[in-house]
Amino acid sequence: MKLFGSSGIRGITNKEVTVDLALKVGLALGGTKKSAVIGRDPRIAGEMIEHALISGMVSAGCDVMRIGLVTTPTLAHAARNFDCGVMVTASHNPSEYVGIKLWNPDGMAFDSTQQEEIEEAIALARNLNHVEWNRIGSITTGNNAVREHLEMILHNVKQVKVMVDMKVKPASLRVVLDCGCGAGGTITPYLLREMGCDVITLNAQPDGYFPARNPEPNDANLGLLKRAVKEFDADLGIAQDGDADRMMAVDENGVFVTGDEMLAIFAGYECKAGGTLVVPVDTSMTVDDALPDSSVIRTRVGDVYVAEEIKRTGADFGGEPSGSWIFPRISYCPDGIYAAARLIGIVQDTGLSELRKRLPQYPTKRGTVVCDNEKKGHVMNVVRSELETFGTITDIDGVRVEMDEGWLLVRPSGTEPKIRITAEARTCVDELYYVGEEIVKEALV
Ligand code: MG
């Protein structure tokens, strides 16, 4: 039984993710861990799932500390003092979704072996033990997690400034911050103000119905932020997803900065000469061309695979164009709050539009085709045999074909009933993209 996807357990509330399941996950986890910290994003089902998890963990003898409504990076930071961290979140998915993501004390999400242990315990109804009445775990409440996370970021941002400038000056930028009604509103506005920024907030009140916008911080969902940056004459705009592990930006002209551009900008500051950068297989060749002195390692798509590879290789930095930026100096958990603070430090010296202008640009096109999960295997077999005739195939994740004029990647989504298509070309990207789209659509007929 496969419960965990590339982003933990995630699904529709009361259909795929239920209190029955959460109770079993709690029992399985509580049987192997002595202590845990638990938090949740503002999802409507968050508290319901949290209670079931806590009941399971405590019943198995594990002590649990609740830190309430927090961001995923806040929870991952708090996990350093416990045997594990538990986050109830469905990240950037729409409001009907809920999920459970498990964390190690060093900020790494549970790896596949750890996840399989829990899946096996639940599938075989084994090791789901209730302890004696006088051995049940305690439930406590912690109130310092947000402040400790915020202080850690302030300390690190100052350290980076000292290394770069040999001086620390307060940020003086005007920033429009769109938390999308996600958990980011519990920490990011306060942090940016403490850094000295003039902060204008949009949607900073957490609300699990996500009434303002879809929680995914992509170009299509950030119309209000783009207009507000221009309207308020701000230096930049920042947007986060539902649990604020992801973060994206808008330049001073109200133009959305793409994920590949963000990756190249951060990497330009974070990677030492001769250093290493880790990115997923769908990342633009802009990143390779912008960092000729660094080696670029490509992984499967999913921030957990990027984090694992950073840890394994000791890389300087890594990230995903979807908005997950991993700074191993502070944590292996993508941190959309630290990333916002780091970007402000960078933009303080050079405007975002100028930073974008310096990057090599190739046209990229990304899209999806709806595909039932059970048809994905058949579609990918067809895609593989068709694309083999076009160029060199890499199948680290989906099928990527390299050609002289660019590359095309076709891969099944790990969390949704979709096939994702990415094309990048030196000239005719639309043609290349439609080649991929046609192959997928015909395989579905
Ligand atoms: Mg997220």
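That block above? That's the structure.
Bear in mind the structure is a predicted one, so any value in this text is a computation, not a measurement. (Residues numbered from 1 in each chain as written. Predicted model: local features only at pLDDT ≥ 70, side-chain atom pairs only at ≥ 80, totals over all residues. Heavy atoms only, no water.)

Let's talk about the nonpolar core
- Among the nonpolar cores identified, the biggest contains 62 residues, and Trp 325 and Ile 344 are the most heavily contacted of them.
- Among the elements that take part in this core, helix α11 (residues 336–347) stands out by supplying nine residues, more than any other.
- What Ile 344 contacts, discounting residues up to four positions off in sequence, is Ala 171, Leu 173, Val 175, Leu 192, Met 195, Cys 197, Leu 236 and Ile 238.
- Counting 33 residues, the second-largest nonpolar core is a separate cluster that includes Ala 22, Ala 36, Ile 49 and Leu 102. (Core = buried A, V, L, I, M, F, W, Y, C linked by side-chain atoms within 4.5 Å. Buried < 20%, exposed > 50% of the residue type's maximum accessible area, 1.4 Å probe, protein only. Helix = DSSP H or I, 4+ residues; strand = E, 2+ residues; numbered from the N terminus. Contact = heavy atoms within 4.5 Å.)

As for helix α8 (residues 259–270)
- Under the 1.5 Å per step criterion, the end-to-end length of α8 is 16 Å for 12 residues, consistent within 8% with the ideal 16 Å.
- Counted residue by residue, α8 has 10 buried out of 12 residues, so it is predominantly covered.
- Of the positions making up α8, those classed as buried are Gly 259, Asp 260, Glu 261, Met 262, Leu 263, Ala 264, Ile 265, Phe 266, Ala 267 and Glu 270. (Expected span 1.5 Å × (residues − 1).)

As for helix α2 (residues 46–59)
- Between the first and last C-alpha of α2 there are 20 Å, a value that for 14 residues agrees with the 20 Å anticipated at 1.5 Å per step.
- Most of α2 sits inside the fold, with 10 of its 14 residues counted as buried.
- Among the residues of α2, Gly 46, Ile 49, Glu 50, Ala 52, Leu 53, Ile 54, Gly 56, Met 57, Val 58 and Ser 59 are the ones counted as buried.
- Elements in contact with the buried residues of α2: α1 (19–30), β2 (35–40), β3 (63–69), β4 (84–88), β5 (97–103) and β6 (139–141).
- Phi turns positive, to about 100 degrees, at Gly 61, one or two residues after α2.

Here we look at the coordination of the magnesium ion
- Each protein donor to the magnesium ion is listed here as Ser 91 (OG), Asp 241 (OD), Asp 243 (OD) and Asp 245 (OD); together their distances run 2.0 to 2.1 Å.
- Counting along the primary sequence, the residues that act as donors to the magnesium ion give the motif S-x149-D-x1-D-x1-D.
- Assessed through its relative accessible area of 2%, Asp 243 is described here as buried. (Donors = N, O, S within 2.8 Å, 3.2 Å for Na, K, Ca; no water.)

Some remarks on the pattern of salt bridges
- Under the criterion given, the structure shown has 34 salt bridges.
- A network of salt bridges, in which partner residues are shared, links Arg 40, Glu 47, Glu 50 and Arg 66. (Salt bridge = Lys/Arg side-chain N within 4 Å of Asp/Glu carboxyl O.)

Some remarks on the packing of aromatic side chains
- Applying the stated criterion to the full structure yields six aromatic pairs.
- Relative to Phe 327, the ring of Phe 266 has its centre 5.4 Å away and its plane inclined at 85 degrees; by these criteria the two rings are edge-to-face. Highlighted residues: Phe 266 in helix α8 and Phe 327 in the loop between β14 (324–326) and α11, separated in sequence by 61 residues.
- Residue classification places Phe 266 among the buried positions, given a relative accessible area of 1%.
- Through a chain of ring-to-ring contacts, three or more aromatic side chains come together here, namely Phe 266, Phe 317, Trp 325, Phe 327 and Tyr 338. (Phe/Tyr/Trp six-rings, centres within 6.5 Å; stacked < 30°, edge-to-face > 60°.)

Describing the sheet that holds strand β16 (residues 392–394)
- Read across the sheet, five strands follow the order β15-β19-β18-β17-β16 without closing on themselves; strand pairing throughout is antiparallel. Edge strands, defined here as strands with exactly one partner in the open sheet, are β15 (364–370) and β16. This sheet shows a mean twist of 15 degrees between the axes of neighbouring strands, independent of strand direction.
- Bridge count for β16 against strand β17 (residues 399–403) is three bridges, and the pairing is antiparallel. In the sheet register, Ile 393 faces β17, and the bridge partner there is Val 401.
- Of the strands in this sheet, β16, β17, β18 (406–412) and β19 (418–425) touch helix α13 (residues 376–387), which is tilted by about 160 degrees from β18. (Pairing = 2+ DSSP bridges. Axes fitted to C-alpha atoms, helices over the stretch in contact; angles between N-to-C directions.)

Quick word on the side chain of Thr 299
- Positionally, Thr 299 belongs in strand β12 (residues 295–299).
- Residue classification places Thr 299 among the buried residues on the basis of a relative accessible area of 5%.
- If sequence neighbours within four positions are ignored, Thr 299 has contacts with Val 278, Val 279, Pro 280, Val 281, Tyr 305, Val 306, Glu 309 and Ile 396.

Points about unusual backbone geometry
- Even without being glycine, Asn 14 reaches a positive phi, approximately 65 degrees.
- A positive phi angle, close to 55 degrees, is found at Asp 233, a residue other than glycine.
- Among the structural elements, Asp 233 can be located in the loop between α7 (223–231) and β9 (236–240).

Let's talk about the sheet that holds strand β8 (residues 198–202)
- Taken together, the four strands give an open sheet; going across it, the order is β8-β7-β9-β10, and neighbouring strands pair in mixed fashion. The sheet terminates laterally at β8 and β10 (247–250), the two strands that pair on one side only. Here the average twist between neighbouring strands, direction ignored, is 25 degrees.
- Inspection of the sheet shows β9 paired to β10 by four bridges, in the antiparallel sense. Looking at β10, one finds that Gly 237 is bridged to Val 250.
- Here α11 sits on the sheet and contacts β7 (174–178), β9 and β10; the angle it forms with β9, its principal contact strand, is near 170 degrees.

A closer look at the pairing of β7
- Counting buried positions along β7 yields four of five residues, so the element is predominantly enclosed.
- In terms of strand pairing, β7 meets β8 through five bridges, oriented parallel. Following the sheet pairing, Leu 177 is matched in β8 by Thr 201.
- Since β7 and β8 lie parallel, the crossover through helix α6 (residues 188–194) that links them has a hand, and here it is right-handed.
- Inspection of the sheet shows β7 paired to β9 by four bridges, in the parallel sense. Along β9, the bridge assignment pairs Val 176 with Gly 237. (Right-handed = clockwise from strand over helix to strand, strands pointing away.)

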